[in-house]
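# Secondary and tertiary structure notes
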Amino acid sequence: MTATAPRPLGRQRQIRDVVFVDGVRTPFGRAGDKGIYHGTRADDLVVKCIRDLLRRNPSLPPERVDEVAVAATTQTGDQGLTIGRTAALLAGLPQSVPGYAIDRMCAGAMTAVTTTAGSIAFGAYDVAIAGGVEHMGNHPMGAGADPNPRFLSERIVDPAALNMGNTAENLHDRFPAITRERADRYAAASQAKLAAAYGAERIQPDLVPVAARRPGEGWAVRTTDEPPRPGTTEADLASLRTPFRAHGRVTAGNAAGLNDGASAALLASADAARELGLPVKMRLVSYAFAGVEPQVMGIGPVPATEKALAQAGLDIGDIGLFEINEAFAVQVLAFLDHFGIPEDDPRVNPYGGAIAVGHPLASSGVRLMTQLARQFAEDHDVRFGLTTMCIGLGMGGTVIWENPHHADYGKDA
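What you are looking at is a predicted structure, and each value in this text was computed from that prediction instead of being measured. (Residues numbered from 1 in each chain as written. Predicted model: local features only at pLDDT ≥ 70, side-chain atom pairs only at ≥ 80, totals over all residues. Heavy atoms only, no water.)

Looking now at the overall build of the protein. Summing up its helical and strand segments, the protein has 12 helices and 12 strands in all. Over its C-alpha trace the protein gives a radius of gyration of 21 Å, about what one expects of a compact globule, namely 22 Å for 413 residues. With the principal axes as the frame, the protein shows a C-alpha extent of 80 × 55 × 50 Å. Going through the 413 residues of the protein one by one, you find that 56% of them count as buried. (Helix = DSSP H or I, 4+ residues; strand = E, 2+ residues; numbered from the N terminus. Rg over C-alpha atoms; globule rule 2.2 N^0.38 Å. Buried < 20%, exposed > 50% of the residue type's maximum accessible area, 1.4 Å probe, protein only.)

The next subject is the packing of helix α6 (residues 180–199) against helix α10 (residues 329–339). Packed helices, taken two at a time, are described by the angle between their axes plus the distance between the axes. At a minimum axis separation of 9 Å, α6 and α10 run at an interaxial angle of 100°. On the basis of their axis angle, the class for α6 and α10 is roughly perpendicular. Here α6 contributes Arg-182, Ala-183 and Tyr-186 to the contact with α10, which in turn contributes Ala-329, Val-332, Leu-333 and Asp-337. (Axes fitted to C-alpha atoms, helices over the stretch in contact; angles between N-to-C directions. Parallel < 35°, antiparallel > 145°, perpendicular 65-115°, else oblique. Contact = heavy atoms within 4.5 Å.)

Before going further, it helps to spend a moment on the packing of helix α1 (residues 42–56) against helix α2 (residues 83–90). Running from N to C, α1 and α2 cross one another at 60°; their axes reach a closest spacing of 9 Å. As the angle between them shows, α1 and α2 are arranged oblique. Like other packed secondary-structure pairs, α1 and α2 cross with a definite hand, here right-handed. Only Ile-83, Ala-87 and Leu-90 of α2 make contact with α1, whose side of the interface consists of Asp-43, Val-46, Val-47, Ile-50 and Arg-51. A per-class count over the contact of α1 with α2 returns 6 nonpolar, no polar and 2 charged. (Left-handed = near helix turned anticlockwise from the far one by under 90°. Nonpolar A, V, L, I, M, F, W, Y, C, P; charged D, E, K, R; others polar.)

So, on to the UniProt feature "domain: Thiolase N-terminal" (unreviewed entry) in the protein. Cross-referencing UniProt, the feature "domain: Thiolase N-terminal" (unreviewed entry) maps to residues 18–270 in the present numbering. Secondary structure content for residues 18–270 is 31% helix and 19% strand, and the end C-alpha separation is 6 Å. (UniProt positions renumbered as here; feature names shortened; annotations may be inferred.)

Moving on, we get to the pairing of strand β10 (residues 319–324). For β10, the tally of buried residues reaches 6 of 6 residues, placing the bulk of the element in the interior. Summarising the sheet, β10 and strand β11 (residues 384–391) pair through 5 bridges and their orientation is parallel. Paired with Ile-324 across the two strands is Thr-388, which belongs to β11. (Pairing = 2+ DSSP bridges.)

This part takes up the nonpolar core. Core analysis: the largest hydrophobic core is formed by 40 residues, its most contacted members being Phe-322 and Phe-328. Of all elements in the fold, only α5 (164–174), α6, α9 (301–312), β10, α10 and β11 reach the threshold of two or more residues within this core. It is α10 that contributes the most residues to this core, 8 residues altogether. In this view, Phe-328 contacts Met-164, Gly-165, Ala-168, Val-250, Asn-254, Ala-255, Met-297 and Ile-355; residues no more than four positions away in its chain are not counted. Membership of the second largest hydrophobic core comes to 39 residues, among which are Val-19, Val-21, Val-65 and Val-210. (Core = buried A, V, L, I, M, F, W, Y, C linked by side-chain atoms within 4.5 Å.)

Right under this line is the structure:
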């Protein structure tokens, strides 16, 4: 019998560099009937972001966009119907541009970025738009969800895992050195840093103005975030009640609020960026997601960061800037304590974080990236930075980026 020669495989693919070209977001609003987006649709918010990315990058032909991935935690109503595809159509992209929806709770936009980046690295795409939206006023977290009763009856998860505030209280229990006083001190500093960043006009350049109408108030153009409370002091925060536990440590002041908002990022292969004359604001180095006990989900960024550092061949000392999502102050403090980083380290959330600016769940990952990119442009001495966040039901996600303005950019990394 004559042996049959092996059939040739398809073209061998080489992993390509993926770059962050640009990122924008809407101003974040407070959820509810008094919030700035009470009369605004969620899909219209993300459409504003996509359109602004195209406006800011006129050298990109719209037909060169290969994919649109949009995350939402609650995929129903104006956040449903495969929102990546519907948003692409509503934004005026050619009908040839596909899109899809994605969900990883708080890390939705982060996962949209890493998923499309993986496709770019593989060679399936050259250019992609990735982002997220959450209208918590229209769709409160968990609305319409039906958790399987086996979660509790078979003790697959602790009951506290289904309430994020309770998981934060559990994290305080696990790390008693993280007191309420420390959490309040961190929260007050977040408000002050955001106010300083606004004063220096570091936030405004990446905000998309949104014309929104609230019932009974008419139209107004929203150009700034609604949640911040500049001037907040530790004494102010000390007077707040603890809604998740009597004599607890988690309050509305040392946690992110319930918010509405959207974000979007433009990603490309390094070759496509050069070809199309697109700016390069960051290069993706590595990313990782990790699972942890759901009842202490806030510790998730720790193992995710350890995995991402190992993949990149880096250690924590190589990271010059940290953008950590502030779902709760205790979650950030647990991360900092684990890695031996002082809570007032200037490398950590230089522009403040979600405690001050808000956390519209699936949209927050791109906010972190956009802020890191602006910080890279300001500080050319920093080579590597990371964006990280905890994720509901016990997960964490981390992405490590390289600063293209650094003298050693692209060398042995």
